[in-house]
Structure formats: C-alpha cells, structure tokens
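Structural overview
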Amino acid sequence: MSQRPAFRGHIRLYRPGDVDALIDIFRASVRQVARRDYSQEQVLAWAPDEIDRTDWAEQYAGRPAWVAEIDGALVGFSDLEPDGHLDMMFVHPDHQGRGVASALLAEVESSARHQGIDCLHTEASITAKPFFERRGFHLLAPQTVSIRGQRFINYRMEKVLGLP
C-alpha cells in the first residue's frame, strides 16, 4: 500500500483577508472534485458563481477556522463550531491527495480537545465520506438536503475524540 505524501506547508488561523481565497478554494473544490459524485446542476447550486463574501466573512469571524498554506498560497481550509460541528473542509483541486485535509483535521481535533469537545460531527459529501471514514468518523445516517432547488445526498458522521 502506498503512503500519501506528508503535507509540506503549514496550518494557521484564518484571518479576515483570507475570505476571498476561501471562497475560491470552496468553489474550485466543489466544481472540480465533487462533480464526479454530483450532477452539474447540483454542483452549480452548491457552489454558484455569486457567493456572498459578507456572509462568509461574518461566519468565519465568529468561529475558529484554519487555513493550509503552501509557499504563501492558501490551498485548503476548515472550521469548528462550539458544539463540535465541523461545517466545512475543502482543499483546492491542485492539492488533493497531498495531506492537506489530514493536516487540517489534525488541527481541528487538537483544538476541539483543547476546548473540551469530545465528539466531532459533520455532514460529509459523497466525495468526502471515504476521507472521514479513514480518519475514524463513523456513519450516523445518510440524508437528503436541498440547496437552491437541488437535492443532495450527504452523510451525517461523527468521531469520538480520545485523549491526546
């Protein structure tokens, strides 16, 4: 079994000036990576041309979030809500399979433990489900959600965090 390469960058806390890069990463990831599991209509509903940057800026001002940087460029991001909900984790398509998401998840888990959060939960896309399974999340239930008139299947998943 081949081993994935180690992440060759660093993880830092989100800064307000990162919001446009996060939107770009999100849009590129959904449109280029998730499209293998979702229709074109679903992908465009999920990651439309027009995304309200003010909403994103407000969202990330109110919760811990991390970005992955390689050579000064943002290549991925994730966040953590106070109840242990991991809302978003996206990696730019050009950096998939390079340990970026694993490094981000390690940071999220470390922060959760530090905050006394003992369980993470997320709604993983069809595309992301195998990643989360490999990292100890288990399936709670498949679900169908609606976004901008399109119905999507995703998976409610959770991971009980052990001691560090």
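Structural data are supplied above this passage.
Everything quoted here is computed from the prediction, not taken from an experiment.

So, about the sheet that holds strand S3 (residues 73-79). Taken together, the four strands give an open sheet; going across it, the order is S1-S2-S3-S4, and neighbouring strands pair in antiparallel fashion. Each edge of the sheet is formed by a strand with only one pairing partner; in this case those strands are strand S1 (10-13) and strand S4 (89-91). Neighbour to neighbour, the strand axes of the sheet diverge by 25° on average, direction disregarded. Where S1 meets strand S2 (residues 65-70), four bridges bridge the pair, whose relative direction is antiparallel. Considered in S2, the bridge of Arg-12 is made with Val-67. Along the sheet, helix H1 (residues 19-32) makes contact with S2, S3 and S4, crossing S3 at roughly 85°.

Counting through the fold element by element, Arg-148 comes out in the loop between strand S6 (138-147) and strand S7 (150-160). On the basis of relative accessibility, which here comes to 57%, the residue Arg-148 falls in the exposed class. C-alpha separation for the pair Arg-148 and Val-67, spaced 81 residues apart in sequence, amounts to 27 Å. If we skip the residues at most four places from it in the chain, Arg-148 touches Ala-45, Trp-46 and Pro-48.

Summed over all chains, the structure comprises ten salt bridges. The partner of Glu-69 in a salt bridge is Arg-12, and the shortest N-O contact between them spans 3.4 Å. Residue Glu-69 is found in strand S2, and its partner Arg-12 is found in strand S1; the two are separated by 57 residues along the sequence. Ionic pairing is found between Arg-27 and Asp-24, a salt bridge with its closest N-O pair at 3.9 Å. Separated by three residues within a single helix, Arg-27 and Asp-24 lie in helix H1, roughly one turn from each other. You can call Asp-24 partly exposed: its relative accessible area is 45%. It is possible to trace a salt-bridge network through shared partners that takes in Arg-63, Asp-79, Glu-81 and Asp-87.

A few words now on the environment of Ile-11. Relative to the assigned elements, Ile-11 resides in strand S1. A residue is classified by how much of its surface remains accessible, and Ile-11, at 22% relative accessible area, is partly exposed. The sequence separation of Ile-11 and Leu-140 amounts to 129 residues, and the corresponding C-alpha distance is 29 Å. Setting aside anything within four residues of it in sequence, one finds Ile-11 in contact with Trp-66, Val-67, Ala-68, Ala-103, Leu-104 and Glu-107.

If you add up the space inside the largest pocket, you get close to 1100 Å³. For the largest pocket, the lining is made up of 47 residues, of which Trp-46, Met-89, Phe-90, Ser-125 and Ala-128 are closest to its centre. Those elements that provide at least two residues to the lining of the largest pocket are H1, S4, helix H4 (100-114), strand S5 (119-125), helix H5 (129-134), S6 and S7.

Basis of the calculations
- Residues numbered from 1 in each chain as written.
- Predicted model: local features only at pLDDT ≥ 70, side-chain atom pairs only at ≥ 80, totals over all residues.
- Heavy atoms only, no water.
- Pairing = 2+ DSSP bridges.
- Helix = DSSP H or I, 4+ residues; strand = E, 2+ residues; numbered from the N terminus.
- Axes fitted to C-alpha atoms, helices over the stretch in contact; angles between N-to-C directions.
- Contact = heavy atoms within 4.5 Å.
- Buried < 20%, exposed > 50% of the residue type's maximum accessible area, 1.4 Å probe, protein only.
- Salt bridge = Lys/Arg side-chain N within 4 Å of Asp/Glu carboxyl O.
- 1 Å grid on protein atoms, 1.4 Å probe; cavity = no way out; pocket = protein on both sides within 12 Å on 5 of 7 lines; lining within 4 Å.
- Points joined across faces, edges and corners; volume = space filled by probe spheres on them.

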